[in-house]
Amino acid sequence: MGKRSARLCAALLGVVLAASGCSSGSGSGDADDNGKARLSYAVWDINQKKVLEELGREFTRTHPKVTVQVQLTPWPDYWNKLKTAVTGGSAPDVFWMNGPQFQLYASNGVIRPLGEEFTEDGIDLAAYPKPLRDLYTYEGKLYGLPKDMDTVGVWYNKALFDAKGVEHPADDWTWSDFNSAAARLTDPEKGVYGTAAALTSFQEYQYNTIAQAGGYVVSPDGGKSGYDDPRTVEGLTFWTDLIERKHSPDLQTMTDTSPIQLFEAGKIAMYWGGSWNAGEFSANEYTKDKVDAAPLPRGERRAGIIHGVANVVSAGTAHPREATEFVEFLGSEKAALALGRSGPLPARDGTQDAWLKAHPQFTLTTFLDAVEYAVPFPVSKNTAAWNQAELTYLTQAWAGEQTVGEASVALAAAMDDLLAEE
């Protein structure tokens, strides 16, 4: 077992390695009864399982010596099961990866760099948003091919806007416009708030306003927290001010009832959410014909977080060439179109029409336009550690027990210590 594998076992399991610890293994791919190479493909979304199995069969039709077995593990158990497989030397040949976990797996040699092979095979990487390619690049090497993407916008209740005579959000609206609308839409007698300043949804809330204020969460080299930067504090204060002005529910209310539930009950006029909400809002009896999507308001600059799942190949696979070709196929136009019809927003440029047409009542081009000013989801080698610190320290600011500045400075110090350990 190499040093990288040993470090990963320690990082993933959080324990001191025993002599009988992790095995580098050779991956879980093997051969079926007909002598075909059998690739295991680990995913977490049951809604996509059927289309992914169809794509696996399609890949076999063009690669008759390869079969694909889709392995579904629901999100709550996915990462624990993957960690167990990695440390036991039986990682799936191909599996889904997200931004917060990526650098941990890449830096410890668990997944294969694929950029050179993509280039040699003529894969047009420019067909995928640069911020997503950057997200899955480590030390100059690309490890994953983006599968789908998430961008963020403001879902708003048209009925509440119209009842109060508030103009619907313009494409070029600002923080000031948003705050003005939130004030006018708040109706204490009816228990309606202009918006919800959620704490636990950083992808939809804090990371966006931090970027819009010109701040940052973690430095590009992964060595320093940006939470003590005055611009970052400004991005956070955007939200706590809304709570203080009572244009958002307080923390306890949002803990008891999630903001999305309040929005779907007509108690929140503006909900910062993602492209992934289109399916839920079109199926919800209340929101299906009462809401629409608008761009994020502009702060000091226009910015919004982009994230998305990438397909990666295990460094220990017994079939590296076949696995890489399967990832390339999953990133193809044909596969992206099939995925777009099944729900997620495909990352490949020019393949999003099916997704747009699935929910024609919403202005979903909002989320495609957001790619132009998107910034990558902030990550480091051990993102999970400081994600917990964010909640621990910022909860005090959201609860009004500390100022945002005090909580942010304390968070930055704790986060710097965690980053140093990486």
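Analysis parameters
- Residues numbered from 1 in each chain as written.
- Predicted model: local features only at pLDDT ≥ 70, side-chain atom pairs only at ≥ 80, totals over all residues.
- Heavy atoms only, no water.
- Helix = DSSP H or I, 4+ residues; strand = E, 2+ residues; numbered from the N terminus.
- Rg over C-alpha atoms; globule rule 2.2 N^0.38 Å.
- Buried < 20%, exposed > 50% of the residue type's maximum accessible area, 1.4 Å probe, protein only.
- Contact = heavy atoms within 4.5 Å.
- Areas by Shrake-Rupley, 256 points an atom, 1.4 Å probe, with all protein chains shown as cover.
- Lys, Arg positive; Asp, Glu negative; His and termini not counted.
- Charge placed at Lys NZ, Arg CZ, Asp CG, Glu CD.
- Patch = residues over 30% accessible without salt bridge, like charges linked within 9 Å, V, L, I, M, F, W, Y side chains within 5 Å.
- Salt bridge = Lys/Arg side-chain N within 4 Å of Asp/Glu carboxyl O.
- Core = buried A, V, L, I, M, F, W, Y, C linked by side-chain atoms within 4.5 Å.
- Axes fitted to C-alpha atoms, helices over the stretch in contact; angles between N-to-C directions.
- Parallel < 35°, antiparallel > 145°, perpendicular 65-115°, else oblique.
- Left-handed = near helix turned anticlockwise from the far one by under 90°.
- Nonpolar A, V, L, I, M, F, W, Y, C, P; charged D, E, K, R; others polar.
- Polar contact = N/O pair within 3.5 Å; in protein donor to acceptor, adjacent residues only side chain to side chain.
- Arc of directions from axis to C-beta.
- pLDDT = per-residue confidence, 0-100.
- Phe/Tyr/Trp six-rings, centres within 6.5 Å; stacked < 30°, edge-to-face > 60°.
- Lys NZ or Arg CZ within 6 Å of the ring centre and 35° of its normal.

### What to know about the overall build of the protein
What the protein contains, in helices and strands, is 19 helices and 14 strands. For the protein, whose C-alpha radius of gyration is 22 Å, the value lies close to the compact-globule estimate of 22 Å for 422 residues. For the protein, the spread of C-alpha atoms along the principal axes amounts to about 70 × 45 × 35 Å. For the protein, with 422 residues in total, the buried portion stands at 55%. Partitioning the intrachain contacts of the protein with sequence separation of at least 6 by distance along the chain shows that 75% fall at a separation of at least 24. Total accessible area on the protein is roughly 17,900 Å²; 48% of this is exposed by carbon and sulfur atoms. Considering the protein, the positive charge centre built from 37 side chains and the negative charge centre built from 55 side chains are found 5 Å apart.

### A word on a negative patch on the surface
Side chains of Asp-171, Asp-172, Asp-177, Asp-369 and Glu-372 sit close together on the surface and give a patch of like negative charge. Within the secondary structure, Asp-177 sits in helix α8 (residues 175-185). Residue classification places Asp-177 among the partly exposed positions, given a relative accessible area of 37%.

### Here's the deal with the nonpolar core
Among the nonpolar cores identified, the biggest contains 126 residues, and Tyr-41, Trp-155, Tyr-227, Met-270 and Trp-398 are the most heavily contacted of them. Beyond its immediate sequence surroundings of up to four residues, Trp-398 is in contact with Ala-197, Ala-198, Leu-199, Gln-206, Leu-236, Trp-239, Thr-240, Ile-243 and Leu-251.

### Quick word on unusual backbone geometry
Phi is mostly negative for residues that are not glycine, and the peptide bonds are mostly trans. Unlike most non-glycine residues, Glu-139 shows phi in positive territory, near 50 degrees. Within the secondary structure layout, Glu-139 lies in the loop between β5 (137-138) and β6 (141-142). At Lys-246, a position not held by glycine, the phi torsion is positive, near 65 degrees. Within the secondary structure layout, Lys-246 lies in the loop between α10 (230-244) and α11 (251-256). Here Lys-246 falls in the exposed class, since its relative accessible area comes to 61%.

### Points about the packing of helix α2 (residues 46-62) against helix α15 (residues 333-342)
Here α2 crosses α15 at 160 degrees, and the two axes come no closer than 9 Å. Between α2 and α15, the angle falls in the class roughly antiparallel. The hand of the α2/α15 crossing is right-handed. Residues Gln-48, Val-51, Leu-52, Leu-55 and Glu-58 of α2 touch α15, and the partners they reach there are Lys-334, Ala-335, Ala-338, Leu-339 and Ser-342. The residue makeup of the contact of α2 with α15, split by class, is 6 nonpolar, 2 polar and 2 charged.

### A word on the side chain of Arg-112
Mapping Arg-112 onto the fold places it in the loop between α4 (99-107) and α5 (115-120). A polar contact is formed between the side chain of Arg-112 and the side chain of Thr-324, at a distance of 3.2 Å. Here Arg-112 is in contact with Glu-117, Tyr-143, Val-313, Ser-314, Ala-315, Thr-317, Pro-320 and Thr-324, once residues within four sequence places are set aside.

### Quick notes on α8
Among all positions of α8, only Trp-175, Phe-178, Ala-181, Ala-182 and Leu-185 are buried. Taken end-on, α8 shows its buried residues confined to a sector of 125 degrees, consistent with a single buried face. The secondary structure elements touched by the buried residues of α8 are β8 (150-157), α7 (158-164), β9 (193-195), α9 (206-212), α10 and β10 (268-274).

### Thoughts on the packing of α8 against α10
Where α8 meets α10, the axes come as close as 11 Å, and the angle between the chain directions of the two elements is 15 degrees. Here α10 runs roughly parallel to α8, going by the angle between their axes. In the packing of α8 onto α10, the handedness of the crossing is right-handed. The segment α8 lies against α10, with Trp-175, Phe-178, Asn-179 and Ala-182 engaging Glu-234, Gly-235, Phe-238 and Leu-242.

### Re the confidence of the model for the protein
Close inspection of predicted coordinates is inappropriate in any region flagged by low pLDDT. Confidence in the prediction for the protein averages 92 pLDDT; 92% of positions are at 70 or higher. Every residue in residues 1-10 scores below 50 in pLDDT, and together they form 22 contacts with partners more than four places removed in sequence or on other chains. Across residues 13-26, confidence stays below pLDDT 50; counting only partners more than four residues off in sequence or on other chains, it has 24 contacts.

### Considerations on the pattern of salt bridges
All chains considered together, the criterion is met by 14 salt bridges. Its salt-bridge partner being Lys-290, residue Asp-289 comes within 3.8 Å of it at the nearest N-O pair. Judged by relative accessible area, which is 52%, Asp-289 ranks as exposed. With a relative accessible area of 27%, Lys-290 lands in the partly exposed category. Close ionic contact of Arg-321 with Glu-325 constitutes a salt bridge, the shortest N to O distance being 3.1 Å. Within this pair, Arg-321 and its partner Glu-325 are both found in helix α14 (residues 320-330), separated by 4 residues, close to a single helical turn. For Arg-321, a relative accessible area of 35% corresponds to the partly exposed category. Through salt bridges that share partners, Arg-112, Glu-117, Asp-121, Arg-321 and Glu-325 make up one connected network.

### A word on the side chain of Asn-98
For Asn-98, the location among the structural elements is in the loop between β4 (94-97) and α4. Judged by its relative accessible area of 8%, Asn-98 falls in the buried class. A polar contact of 3.1 Å, which involves the side chain of Asn-98, links it to the backbone nitrogen of Gln-101. When near neighbours in sequence (up to four residues on either side) are disregarded, Asn-98 contacts Trp-44, Trp-75, Trp-79, Tyr-136 and His-307.

### So, the packing of aromatic side chains
By the definition in use, this model includes 33 aromatic pairs. Both rings, one in Tyr-78 and one in Trp-79, keep their centres 4.9 Å apart while their planes meet at 90 degrees; by these two values the pair is edge-to-face. For Trp-79, a relative accessible area of 8% corresponds to the buried category. Across from the ring centre of Tyr-286, 4.7 Å away, lies the NZ or CZ of Lys-290, which sits over that ring.

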